[in-house]
Amino acid sequence: MRQILVVNSSVAGEESVSRILVEDAVHRLLELNPDAVVTYRELGDGPIPHLTPATVSGIRAIATTDDELRTQALSDELIAELQAADIVVIGAPMYNFSIPSSLRAWFDHVLRPRVTFTYGETGPQGMLTGKRAIVIEPRGGVYSEGPTKAIDFQEPYLKQLLGFVGIADVTFILAEKIGYGPEARDLALRSASSRIAELTARIAAGVTSDSDGVASNETKVPAAGIASSETSVDYDEMMQANLRRVFGERDPLRRIKAIRELYDEDAELHEPQRSVRGHDAISQAVTELLAHLPPEFAFSAIRPALGHSGVGRLQWSAGPPDGPAAVTGIDVAHIEGGVIRSLHVFLDQPGA
């Protein structure tokens, strides 16, 4: 990681959520490599001109006029920044269900035939392979799940644009509900910052990601000491390991390692207020949960877990080490092939 390109597109000023989180990501990347060179492209302060009939040939054809030559020169400059980068950090807030028009104009200048992509016998081929992208996505509401997911024209569009030029290793960092008030905004910032810390820890460990931000160079293995056959499943060991190593772990790198050992790749976590699927989503859900709890809070089993026929149950409590339990609940896990396929979390009613 020698070169970092930062592309900011927010028009909300230095206190915008996207800029705060972009700087968080850059700071953590520089901790990994203090000698890395950071190049900033500020689209909010210096917008990229939108293409017009007078300038479009500077991108798509042969530039001849002064306007076309200026457009081509700007495209050359932007592409050179992108080509030099090992990691691209993009601040892309959701505006009107999609991306800022300034960021769209940037893509219009860097998606250039025969320079950043080409067409072969099998279709388009990106020419900017081997790079990693981190995309910060602040949103006023919730568009990652539920009925509003259908009108998320931000993340799928960015994934397509980046993939078109060959950048397939993309991690999206969400910060949702920032329009719900100061407390929701602060929680979104904390949760996204934890996700960034987890990501940079994975980068430090040399873990790559696929387009959904899921680690792709590690082989999922059953948890140590847990046999895969049904007759030898140790329900207590597995479920207490999940309680301790996943829900009780605040270090993101150790937590995601535990999740990959304990959970199936497509495992589902069902909490009272939401459901998520996949290793990264489960880790993010735990990050958000722990962000609500004091640092000294700990989870512990009330009694050994019981299980049979692929279903395990563990009763637990959480609270300060020397104080009364603040909350109690039950985890119910569906275990198959030595890993958790789904986990349902039930919280006890106060006074129950």
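Quick summary incoming for the structure in this document. (Residues numbered from 1 in each chain as written. Predicted model: local features only at pLDDT ≥ 70, side-chain atom pairs only at ≥ 80, totals over all residues. Heavy atoms only, no water.)

A short note on the overall build of the chain
Short version of the rule: Secondary structure elements follow DSSP: runs of H or I of four or more residues count as helices, runs of E of two or more count as strands, with numbering from the N terminus. Working definition: with a 1.4 Å probe on protein chains only, accessible area under 20% of the residue-type maximum means buried, over 50% means exposed, and in between means partly exposed. Throughout, a contact is declared for two residues whenever any of their heavy atoms are within 4.5 Å. In this description, accessible areas are obtained by the Shrake-Rupley approach with a 1.4 Å probe, and a residue is regarded as covered only by the protein chains that are shown. As used throughout, the charge tally considers Lys and Arg to be positive and Asp and Glu to be negative, leaving His and the chain termini uncounted. Where a charge lies is defined by one atom per residue type: Lys uses NZ, Arg uses CZ, Asp uses CG and Glu uses CD.
When helices and strands are tallied, the chain shows nine helices and 14 strands. Taking the principal axes of the C-alpha coordinates as reference, the chain spans close to 80 × 45 × 40 Å. Within the chain, buried positions represent 47% of all 352 residues. Within the chain, contacts between residues at least 6 apart in sequence are counted, and of these 65% link residues at least 24 apart. Carbon and sulfur atoms provide 53% of the accessible area of the chain, an area that totals close to 16800 Å². Charged side chains in the chain number 32 positive and 48 negative. The centres of these two groups are separated by 1 Å.

Some words on the pairing of strand β13 (residues 327-336)
Put simply, the rule reads: A pair of strands is labelled paired if DSSP reports no fewer than 2 bridges between them.
Pairing of strand β12 (residues 311-319) with β13 involves eight bridges; the strand directions are antiparallel. For S317, the partnering residue across the bridge sits in β13 and is T328.

Observations concerning the sheet that holds strand β1 (residues 3-8)
Stated formally: Note on geometry: axes are C-alpha line fits, over the in-contact stretch for helices, and angles between N-to-C directions span 0 to 180 degrees.
Read from one edge to the other, the open sheet built from five strands follows the order β2-β1-β3-β6-β7, with strand pairing classed as parallel. Edge strands, defined here as strands with exactly one partner in the open sheet, are β2 (37-42) and β7 (169-175). On average, each strand axis in the sheet is inclined to that of its neighbour by 15 degrees, with strand direction left out of account. Each of β1, β2 and β3 (87-91) is contacted by helix α3 (residues 66-84), which is oriented at about 145 degrees to β2, the strand it contacts most.

Remarks on the nonpolar core
What counts here: Think of a nonpolar core as a cluster: buried Ala, Val, Leu, Ile, Met, Phe, Trp, Tyr and Cys residues, connected wherever their side-chain atoms sit within 4.5 Å.
In terms of nonpolar packing, the biggest core is built from 30 residues, with L103, W106 and F107 touching the most fellow members. Counting residues per element, the ones that place at least two in this core are β1, α3, β3, α4 (101-110), β6 (132-138), α5 (155-164) and β7. Sequence-distant contacts of L103, defined by excluding residues within four places in its chain, comprise V7, S9, L43, I90, A92 and L158. L243, L269, I282 and I340 belong to the second-largest nonpolar core, a separate cluster that totals 29 residues.

Observations regarding helix α7 (residues 235-247)
Convention followed: To estimate the expected span of a helix, subtract one from its residue number and multiply by 1.5 Å.
With 13 residues, α7 should cover 18 Å at 1.5 Å per step; its first-to-last C-alpha distance of 17 Å lies within 8% of that length. Residues Y235, M238, M239, A241, N242, L243, V246 and F247 constitute the buried set of α7.

Some points on the packing of helix α1 (residues 17-32) against helix α6 (residues 182-204)
Quick note on the threshold: Here the word oblique covers every angle except those under 35 degrees (roughly parallel), over 145 (roughly antiparallel) and from 65 to 115 (roughly perpendicular). The hand of a helix crossing depends on one turn: near helix anticlockwise from the far one by less than a right angle means left-handed, and clockwise means right-handed. Residue polarity is assigned by list, with Asp, Glu, Lys and Arg as charged and Ala, Val, Leu, Ile, Met, Phe, Trp, Tyr, Cys and Pro as nonpolar; anything else, Gly included, falls into the polar class.
Direction vectors running N to C along α1 and α6 enclose 25 degrees, while the axes themselves pass 10 Å from each other. In this view, α1 runs roughly parallel relative to α6, as classed from their interaxial angle. Crossing hand, α1 versus α6: right-handed. For the pair formed by α1 and α6, the contact residues are V17, I20, L21, D24, A25, R28, L29 and L32 on the first element and R185, L189, A192, S193, I196, A197, T200, I203 and A204 on the second. Tallied by class, residues from the contact of α1 with α6 come to twelve nonpolar, two polar and three charged.

Remember, this is a structural readout, not a statement about activity or role.
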